[in-house]
Amino acid sequence: MARTRITIFFMGLVLWCCLTKAEYMKYKDPKQAVHVRTRDLLDRMTLEEKIGQMVQIERSVASADVMNKYFIGSVLSGGGSAPSPQASPEAWINMINDFQKGSLATRMQIPMIYGIDAVHGNNNVYKATIFPHNIGLGATRDPKLVKKIGAATALESRATGIPYVFAPCIAVCRDPRWGRCYESYSEDPHLVDAMTEIVPGLQGDIPAKSSKGIPFVAGNKNVAACAKHYVGDGGTTKGINENNTVINWHDLLSIHMPGYYTSIIKGVSTVMVSYSSWNGVKMHANRDLVTGFLKNKLRFRGFVISDWEGIDRITYPPHANYTYSIQAAIGSGIDMVVVPYNYSSFIHGLTFLVKSNFIPMSRIDDAVKRILRVKFAMGLFENPLADNSLVDQLGSQEHRELAREAVRKSLVLLKNGHSADQPLLPLPKKTSKILVAGSHADNLGYQCGGWTIEWQGFSGNDLTNGTTVLKAIKNTVDSSTNVVYEENPDPKFVKSNNFSCAIVVVGEHPYVETKGDSMNLTIPEPGPTTIRNVCGALKCVVILMSGRPVVIEPDIDSVDALVAAWLPGSEGHGVADVLFGDYGFSGKLPRTWFKTVDQLPMNVGDPHYDPLFPFGFGLTTEPTKAY
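Computed from a predicted model, the values in this text were never measured in an experiment.

Calculation rules
Residues numbered from 1 in each chain as written. Predicted model: local features only at pLDDT ≥ 70, side-chain atom pairs only at ≥ 80, totals over all residues. Heavy atoms only, no water. Domains from an automatic or database assignment. Contact = heavy atoms within 4.5 Å. Buried area = accessible area lost by both parts, 1.4 Å probe. Salt bridge = Lys/Arg side-chain N within 4 Å of Asp/Glu carboxyl O. Helix = DSSP H or I, 4+ residues; strand = E, 2+ residues; numbered from the N terminus. Nonpolar A, V, L, I, M, F, W, Y, C, P; charged D, E, K, R; others polar. Patch = residues over 30% accessible without salt bridge, like charges linked within 9 Å, V, L, I, M, F, W, Y side chains within 5 Å. Areas by Shrake-Rupley, 256 points an atom, 1.4 Å probe, with all protein chains shown as cover. Lys, Arg positive; Asp, Glu negative; His and termini not counted. Charge placed at Lys NZ, Arg CZ, Asp CG, Glu CD. Buried < 20%, exposed > 50% of the residue type's maximum accessible area, 1.4 Å probe, protein only. Phe/Tyr/Trp six-rings, centres within 6.5 Å; stacked < 30°, edge-to-face > 60°. Core = buried A, V, L, I, M, F, W, Y, C linked by side-chain atoms within 4.5 Å. Axes fitted to C-alpha atoms, helices over the stretch in contact; angles between N-to-C directions. Left-handed = near helix turned anticlockwise from the far one by under 90°. UniProt positions renumbered as here; feature names shortened; annotations may be inferred. Disulfide = S-S within 2.5 Å.

**What about the domain arrangement of the chain?**
At step 1: The domain architecture assigned to the chain consists of domain 1 (26-344 + 356-393) and domain 2 (411-613).
At step 2: In this structure, domain 1 and domain 2 have C-alpha centres spaced 34 Å apart.
At step 3: With 43 residues of domain 1 in contact, the opposing surface of domain 2 contributes 42 residues.
At step 4: Between domain 1 and domain 2, the buried area comes to about 3300 Å², and carbon and sulfur atoms account for 52% of it.
At step 5: At the boundary of domain 1 with domain 2, the tally comes to two salt bridges.
At step 6: Residue contributions to the side of domain 1 that touches domain 2 peak at four residues, all from helix H6 (residues 134-140).
At step 7: A breakdown of the residues in the side of domain 1 that touches domain 2 according to their chemical character gives 18 nonpolar, 14 polar and eleven charged.

**So, a negative patch on the surface**
At step 1: On the surface, a cluster of negative charge is made up of Asp442, Glu486, Glu487 and Asp490.
At step 2: Turning to its location among the elements, aspartate 442 is positioned in the loop between strand S13 (433-437) and helix H17 (444-448).
At step 3: On the basis of relative accessibility, which here comes to 30%, the residue aspartate 442 falls in the partly exposed class.

**A look at the packing of aromatic side chains**
Geometry of an aromatic ring pair is reported as the spacing of the ring centres plus the angle between the planes.
At step 1: In total, this model carries 14 aromatic pairs according to the counting rule given.
At step 2: An angle of 70 degrees between the planes, with centres 5.0 Å apart, marks the rings of tyrosine 164 and phenylalanine 166 as edge-to-face.
At step 3: Using a relative accessible area of 0% as the deciding quantity, one classes tyrosine 164 as buried.
At step 4: On the accessibility criterion, phenylalanine 166 (2% relative accessible area) is buried.
At step 5: Aromatic pair tryptophan 566 and tryptophan 593: ring centres 6.0 Å apart, planes at 40 degrees, arrangement tilted. Here tryptophan 593 lies in the segment after helix H21 (573-579) and tryptophan 566 lies in the loop between strand S17 (561-564) and H21, a separation of 27 residues in the sequence.
At step 6: Taking the relative accessible area as the measure of exposure, tryptophan 566 reaches 1% and is therefore buried.
At step 7: Among the aromatic residues, ring-to-ring pairing joins Tyr27, Phe376 and Phe381 into one connected group.

**Let's talk about the nonpolar core**
At step 1: One finds Tyr230, Phe346 and Leu350 to be the most contacted residues of the largest nonpolar core, which totals 115 residues.
At step 2: Among the elements that line this core, the one with the most residues is helix H15 (residues 361-378), at eight residues.
At step 3: Setting aside residues no more than four positions away along its own chain, tyrosine 230 makes contact with Met257, Tyr260, Val271, Met272, Val273, Ser274, Met283, Leu289, Val290, Phe293 and Leu294.
At step 4: The next biggest cluster of nonpolar side chains, apart from the first, holds 36 residues, and it includes Val550, Ile556, Ala564 and Trp566.

**A short note on the packing of helix H7 (residues 143-158) against helix H16 (residues 397-410)**
At step 1: Where H7 contacts H16, the two axes come as close as 10 Å, and the packing angle between them is 145 degrees. In this structure, the crossing between H7 and H16 has a hand that is left-handed. Between H7, through Leu145, Lys148, Ile149, Ala152, Leu155 and Glu156, and H16, the contact on the second element is made entirely by His399, Leu402, Glu405, Ala406 and Lys409.
At step 2: Taken together, the residues that form the contact of H7 with H16 break down as six nonpolar, one polar and four charged.

**Some points on unusual backbone geometry**
At step 1: In this structure, proline 168 follows alanine 167 across a cis peptide bond, with omega equal to 10 degrees.
At step 2: Note that proline 168 resides in the loop between strand S4 (164-165) and helix H8 (189-194).
At step 3: Cis geometry is adopted by the peptide bond preceding proline 426, which originates at leucine 425 and carries an omega value of 0 degrees.
At step 4: Position of proline 426 relative to the elements: it lies in the loop between strand S12 (412-416) and S13.
At step 5: Backbone geometry places phenylalanine 71, a non-glycine residue, at a positive phi of 55 degrees.
At step 6: Structurally, phenylalanine 71 can be placed in the loop between helix H4 (64-70) and strand S2 (74-77).
At step 7: Phi at asparagine 498 takes a positive value of approximately 55 degrees, unusual for a residue other than glycine.
At step 8: The residue asparagine 498 is located in the loop between helix H19 (491-495) and strand S15 (501-507) in this model.

**What about the UniProt feature "domain: Glycoside hydrolase family 3 C-terminal" (unreviewed entry) in the chain?**
At step 1: UniProt tags residues 411-620 as "domain: Glycoside hydrolase family 3 C-terminal" (unreviewed entry).
At step 2: Annotated as residues 411-620, this span is 16% helix and 15% strand, and its ends, taken at the C-alpha atoms, are 10 Å apart.

**Topic: the state of the cysteines**
At step 1: Tallying each qualifying case throughout the model produces two disulfides.
At step 2: Put simply, cysteine 173 and cysteine 181 are joined by a disulfide, and their sulfur atoms are 2.3 Å apart. Residues cysteine 173 and cysteine 181 share a disulfide whose torsion about the S-S bond is about -105 degrees; that sign makes it left-handed. By the burial criterion, cysteine 173 is buried, and cysteine 181 matches it.
At step 3: A sulfur-sulfur separation of 2.0 Å characterises the disulfide bridge that pairs cysteine 535 with cysteine 540. Judged by the sign of its S-S torsion, about 110 degrees, the cystine formed by cysteine 535 and cysteine 540 is right-handed.

**Looking at the pattern of salt bridges**
Where charged atoms of side chains with opposite charge meet at close range, the side chains can pair.
At step 1: Under the definition given, this model contains 27 salt bridges.
At step 2: Here lysine 409 and glutamate 405 are joined by a salt bridge, their closest N and O atoms 2.8 Å apart. Placement of both lysine 409 and glutamate 405 in helix H16 is noted, with a separation of four residues, approximately one turn of the helix.
At step 3: Taking the relative accessible area as the measure of exposure, lysine 409 reaches 27% and is therefore partly exposed.
At step 4: Across the pair arginine 532 and aspartate 555 runs a salt bridge whose closest N-O atoms are separated by 2.9 Å. With arginine 532 in helix H20 (residues 527-535) and aspartate 555 in the loop between strand S16 (540-545) and S17, this residue pair connects regions lying 23 residues apart in the sequence.
At step 5: A network of salt bridges, in which partner residues are shared, links Lys295, Asp335, Arg363, Asp366 and Arg370.

**Details of helix H2 (residues 34-44)**
At step 1: For H2, the complete set of buried residues consists of Arg37, Thr38, Asp40, Leu41 and Leu42.
At step 2: In this structure, the buried residues of H2 make contact with helix H3 (47-53) and H15.

Right, here's the structure in full:
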């Protein structure tokens, strides 16, 4: 009996050892190198599991069950897509963790990655700090500041449980008629290249002597970044969004490619492909540029992601031949496909193409290997679930002060008085009565522009937190100064109130992408009328809030001082800081300011260069020490 027990014990011990050994999986061991973990996991996966990893879906159609059933690799929030209006950080975290638990319940327990368009702060989220759009940051000429903004954006994204952002846009906008021009730091590729410092801001600094092209995310206070939109999106004909960029190979490399070289060297995790075409070939189907150049020549080792329904647009009309679009996109080298809603159709189509040998298994393995590499680099396997430890970072005072600094450094002073010896700015804080006018003076939505809370932006002061320019002026002037606000005053009101001066804040209404394409680049009424009514009767400073240079002649002659404020975001105090002399003006034009739209496209260095204000122009003032 004793011998039988001993035998049974040893058999059990052997079985336990075998089971223990069988359960060891290299991909679950954080001590193993990323390439070892990636290879081990890839070898264990079925075709169904691999194809699921290549899919990114919209949160509105996601659920734990969907993640589990289809092995979905990623979820995103489209522009304005949130768990609920004014959702708290905790609501975001709970939603994302619910999706994640579905992924972790799959056979291989591969965590999903959640992405969002945090293009000027975590801009979809209620109470987040909204930084100036990229065109304003380009005016600062301050890569160190932009790196700090990247780090702050990472913290505010992680505060809501989000580890992946579709930023930065490193487009080189060559025509301000483009509706995405404000997402570009500059027309100058050197300035855009310098601003890629936002990548280590978002992701953290890559370790010394690390291999170039390897994706890197420092930890759970950083996020995976996405350089976009590859390549040439800012060079389309007439600035038409998603149009054709007609340019030779040399100019494509020298104008539109430098930001990608540098972002890859800095460890950027992902690259998003552009809707646009290069010399008639859709970028989403351009194997030479996606696989041949980006992956093979530049040795980019992260994953390549499509734009929203980007593969559908390979054909015209979109989605006309979806099977062909899948084959062309995956064949070109796209690894993860944003199929926000119609994911089952994509999965079935890709599965058919692989099983029918139209797409080789090696292409699927390359895509999944890259996706897994980024997930391992992010630490998602060790820390797949978000917690509440960073919720206090959302809209923190420190980040708002950083945004305020960015605003004042982004302001470009284009005119200051009708002669150099009689400047209007800075304004005195103590005076009898100041008129503040214009549609943008007390409108936080207009001040922030597109990609803010809602996809196309919003109008009004109710959808998020911030300080309008009007409120900032009232907080800055002396308590004895009477600030009178009239959005669109008539000439009689202006002349009959004994104002000492006026501040007129006007500009473009919010827009995003194609809805922002403009062939005339005029600011909407009543902006021009407000300028004429006020500046025709008073000394006035006009503050222009726009995503690009706009038509300002002939009204500029009646204006005493003119400030390009771009789209400054939530912290209007940055405008008042400089307007009243607490800080001096220092911003420089990141774009050429044209005289008429007939000159476009016109960029610095062009033979026909004849601007109203040249690239790099910007008057300066000194801070006022006493009032």
